[in-house]
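Residue-level structural notes
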Amino acid sequence: MQEEKMFCYQCEQAKNGKGCDSIGICGKDPETALMQDLLVYQTKGISFYANALRKKGFKTEKADKFVIEALFTTVTNVNFDSAKVKGMIDKGQEIKEELKNNFKENGLSQKDIPPHAAWQPSEKLPDLIKFASENGIIASKKSSGEDITALRELLIYGLKGTAAYADHAMILGQTDDKVFAFFHEALSFLTRPQHTADELFAMNMKCGEVNLRVMELLDLANTGAYGHPVPTKVRITPVKGKAILVSGHDLKDLEELLKQTEGKGINVYTHGEMLPAHGYPGLKKYRHLAGNYGGAWQDQQKEFKSFPGAILMTTNCIQKPSGYENRIFTSGLVQWPGVKHVNNSDFSPVIEAAMAEEGFKKDGEEKYITVGFARNAVISVADTVIDHVKKGKIKHFFLVGGCDGAKPGRNYYTEFAEKAPKDTVILTLACGKFRFNKMEFGEIEGIPRLLDAGQCNDAYSAIQIALALSNAFKLPVNELPLSLVLSWYEQKAVCILLTLLHLGIKNIRIGPSLPAFITPAVLKVLVEKFNIMPVKNAEQDLKDILKLSKV
């Protein structure tokens with residue numbers, strides 16, 4: 001077989017800050033990377049037909065669901081099984097052929113059919129690999145230039161992140177036809193051979209707008225199913241007994257597992273982005289939801305190896321299992337070659353594996369952290385918060401959070417939180433909080449200085465909190481004593497950034513490094529329009545921020 005030539009720069013780990021060209025730093029092999037590129041290519045062809053048919057009043061339910069799941073599949077650290085990804089390409093072809101037939105039967109123009117829509121996947125793997133290599137990012141750079149390619153990829157990554165949130169909401173029954181329509185519109189737009197920078201910039205801002213709606217849907221889905229999060233103490237040390245560890249974002253899978261383990265003498269622990277589950281009344285009611293184990297996703301190989309039970313990965317953030325292959329399971333879209341996959345929410349294999357392991361032999365020393373400071377919890381005490389600000393007891397708010405990662409430089413966020421003055425409040429969310437969420441920050445007259453708002457999708461809560469403060473102080477958001485200091489890793493962080501830019505929020509600090517796909521020219525536009533800036537060092541950034549505080 002010919003040499004596989006991949007190129008991927010969609011995450012913060014991109015090799016040498018430029019792009020992975022032989023194997024992904026995430027562990028993705030070239031074949032999987034190329035199959036994922038083809039899956040995205042396939043979604044563009046599907047959406048070309050779906051977009052045209054929708055304009056004629058046709059429903060496209062199969063394409064709607066497929067495009068969401070396909071894009072989420074290609075998010076960093078979701079699916080590492082090239083055979084499964086190829087299977088999705090083939091499934092997509094069936095959907096595309098059905099749309100194509102409807103397109104022809106209804107007299108729609110056969111002119112200017114893009115290659116994505118006309119593409120027929122070869123049955124031969126070498127042909128697929130060759131096609132992917134010839135139609136990827138490198139080819140786009142050669143034909144359209146670095147800057148146009150950067151804006152195209154920014155849109156693709158924004159769509160991938162939005163698809164992840166849309167999928168979580170869809171699982172819990174929350175959808176919006178306008179969201180599906182936008183995905184098809186944007187992907188169909190990307191089939192065009194030529195784009196202007198202005199067109200691409202506008203579509204990226206629209207992606208941010210739609211992502212805000214998707215995060216609202218997910219908020220409705222989670223709170224509708226499990227209630228609004230409430231401040232809750234979470235044990236971070238083990239309890240004696242059999243154990244299952246659940247990581248990822250899928251609250252529905254966690255709920256099903258809790259139901260199936262009830263009364264079996266198994267304690268269930270959260271890991272990583274599943275930590276906020278403890279704040280939801282509909283989940284915290286399960287007494288065997290025992291606590292949280294470990295920290296962010298990048299430490300899982302060490303933490304999972306020492307966990308004496310079964311492990312379930314419900315969404316992205318999986319790494320190559322090492323030393324625990326026989327007791328880790330996946331569900332939903334996440335896959336790793338050789339790892340057992342759970343279908344139809346039947347977690348009996350996970351339960352059997354947990355019962356076969358020794359579990360924790362004794363209780364650990366009791367230690368707790370507090371979660372559950374989502375929008376309702378914070379806004380309910382807004383009057384007290386505002387009063388503290390007006391009296392000078394709270395001088396500034398920092399939103400410090402986002403994706404965590406393994407690359408050096410992320411100790412910046414720990415130092416920033418540690419050095420934040422005692423009269424400031426830190427709002428945090430996503431796995432970036434694991435850099436400092438076990439530290440003691442104390443209170444300001446009953447208001448905790450560290451407020452954990454939840455998962456990365458709970459950026460919606462943070463936005464609602466900011467808007468509530470804006471209304472209360474009668475100031476634009478950009479003039480509030482509020483600063484955003486964000487860490488990024490993958491595509492969900494990209495779509496949240498696009499949402500913040502769509503809302504006109506300025507002066508965002510982002511790190512630990514800027515995306516490899518953002519060219520100097522694109523960065524210049526973002527700086528001019530939004531004053532986006534890279535993080536420097538914690539002490540200097542704190543000094544600069546507080547010097548400009550207006551309240």
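First, a word on what this report is: a plain description of the structure on this page. Since the model is a prediction, treat every value here as computed from it, not as a measurement.

Quick look at the overall build of the protein
- A tally of helices and strands in the protein yields 20 helices and 16 strands.
- Over its C-alpha atoms the protein spans a radius of gyration of 23 Å, differing by no more than 12% from the 24 Å that the globule rule assigns to 551 residues.
- In terms of principal-axis extent, the alpha carbons of the protein reach across some 70 × 60 × 45 Å.
- In the protein, which comprises 551 residues, the proportion classed as buried is 60%.
- Sequence separation of at least 24 residues holds for 75% of the intrachain contacts in the protein that already meet a minimum separation of 6.

Focus: the environment of phenylalanine 80
- As for its position among the elements, phenylalanine 80 is in the loop between α2 (61-73) and α3 (82-105).
- Phenylalanine 80 sits in the buried class, given a relative accessible area of 4%.
- For phenylalanine 80 and aspartate 250, which are 170 residues apart along the polypeptide, the C-alpha to C-alpha distance reads 19 Å.
- Contact partners of phenylalanine 80, with chain neighbours within four places excluded, come to Cys26, Gly27, Lys28, Thr32, Ile318, Gln335, Trp336 and Pro337.

Brief notes about the pattern of salt bridges
- The tally for this structure, following the rule as stated, stands at 29 salt bridges.
- With a closest N to O distance of 3.0 Å, arginine 213 and glutamate 216 form a salt bridge. Taken together, the residues arginine 213 and glutamate 216, both in helix α9 (residues 197-226) and three residues apart, mark about one turn of the helix.
- A relative accessible area of 28% places arginine 213 in the partly exposed class.
- Judged by relative accessible area, which is 28%, glutamate 216 ranks as partly exposed.
- A salt bridge links lysine 259 to glutamate 256, with the nearest nitrogen and oxygen atoms 3.9 Å apart. In this pair, lysine 259 and glutamate 256 both sit in helix α10 (residues 251-261), three residues apart, roughly one turn of the helix.
- Residue class for glutamate 256 comes out buried when judged on its relative accessible area of 16%.
- Each of Lys252, Glu255, Glu256 and Lys259 takes part in one network of salt bridges that share partners.

A look at the packing of helix α1 (residues 30-55) against helix α8 (residues 177-189)
- Following both chains from N to C, one finds α1 and α8 inclined at 120°, their axes separated by 7 Å at the closest point. What the angle tells us is that α1 and α8 run oblique. The chirality of how α1 crosses α8 is left-handed. Residues Thr43, Lys44, Ser47, Phe48, Ala50, Asn51 and Arg54 of α1 lie in contact with α8, whose contacting residues are Asp177, Phe180, Ala181, Phe183, His184, Glu185, Leu187 and Ser188.
- Residues belonging to the contact of α1 with α8 are distributed by class as follows: six nonpolar, five polar and four charged.

A closer look at unusual backbone geometry
- Glycine 511 connects to proline 512 through a cis peptide bond whose omega is 5°.
- Take proline 512: it is sitting in the loop between β15 (509-511) and α19 (520-530).
- Backbone geometry at serine 345 places phi at a positive 55°, although glycine is not the residue there.
- Relative to the elements of secondary structure, serine 345 occurs in the loop between β7 (340-342) and α13 (348-356).
- Overall, serine 345 belongs to the partly exposed group, its relative accessible area being 28%.
- Unlike most non-glycine residues, asparagine 507 shows phi in positive territory, near 65°.

Re the state of the cysteines
- One pass over the full model with this rule turns up zero disulfides.
- A disulfide-free cysteine, cysteine 317 has its sulfur positioned 5.9 Å from the sulfur of cysteine 431, the nearest such atom.
- The class of cysteine 317 is buried, set by a relative accessible area of 13%.
- Sulfur of cysteine 495: no disulfide; nearest cysteine sulfur belongs to cysteine 207 and is 6.7 Å away.

So, the packing of aromatic side chains
- Evaluated as defined, the whole model comprises 25 aromatic pairs.
- Note on tyrosine 49 and phenylalanine 103: the rings are 5.1 Å apart at their centroids and 70° apart in plane angle, and the pair reads as edge-to-face. One end of the pair, tyrosine 49, is in helix α1; the other, phenylalanine 103, is in helix α3, with 54 residues separating them in the sequence.
- By relative accessible area, which is 2% here, tyrosine 49 ends up buried.
- The buried category is assigned to phenylalanine 103, whose relative accessible area is 3%.
- Seen in terms of ring centroids, tyrosine 293 and phenylalanine 307 are 5.0 Å apart; in terms of plane orientation they differ by 65°. Their pairing is edge-to-face. One end of the pair, tyrosine 293, is in the loop between β4 (289-292) and α12 (300-306); the other, phenylalanine 307, is in the loop between α12 and β5 (310-313), and 14 residues separate them in sequence.
- Note on tyrosine 293: relative accessible area 16%, which makes it buried.
- With a relative accessible area of 1%, phenylalanine 307 lands in the buried category.

Rules behind the numbers
Residues numbered from 1 in each chain as written. Predicted model: local features only at pLDDT ≥ 70, side-chain atom pairs only at ≥ 80, totals over all residues. Heavy atoms only, no water. Helix = DSSP H or I, 4+ residues; strand = E, 2+ residues; numbered from the N terminus. Rg over C-alpha atoms; globule rule 2.2 N^0.38 Å. Buried < 20%, exposed > 50% of the residue type's maximum accessible area, 1.4 Å probe, protein only. Contact = heavy atoms within 4.5 Å. Salt bridge = Lys/Arg side-chain N within 4 Å of Asp/Glu carboxyl O. Axes fitted to C-alpha atoms, helices over the stretch in contact; angles between N-to-C directions. Parallel < 35°, antiparallel > 145°, perpendicular 65-115°, else oblique. Left-handed = near helix turned anticlockwise from the far one by under 90°. Nonpolar A, V, L, I, M, F, W, Y, C, P; charged D, E, K, R; others polar. Disulfide = S-S within 2.5 Å. Phe/Tyr/Trp six-rings, centres within 6.5 Å; stacked < 30°, edge-to-face > 60°.

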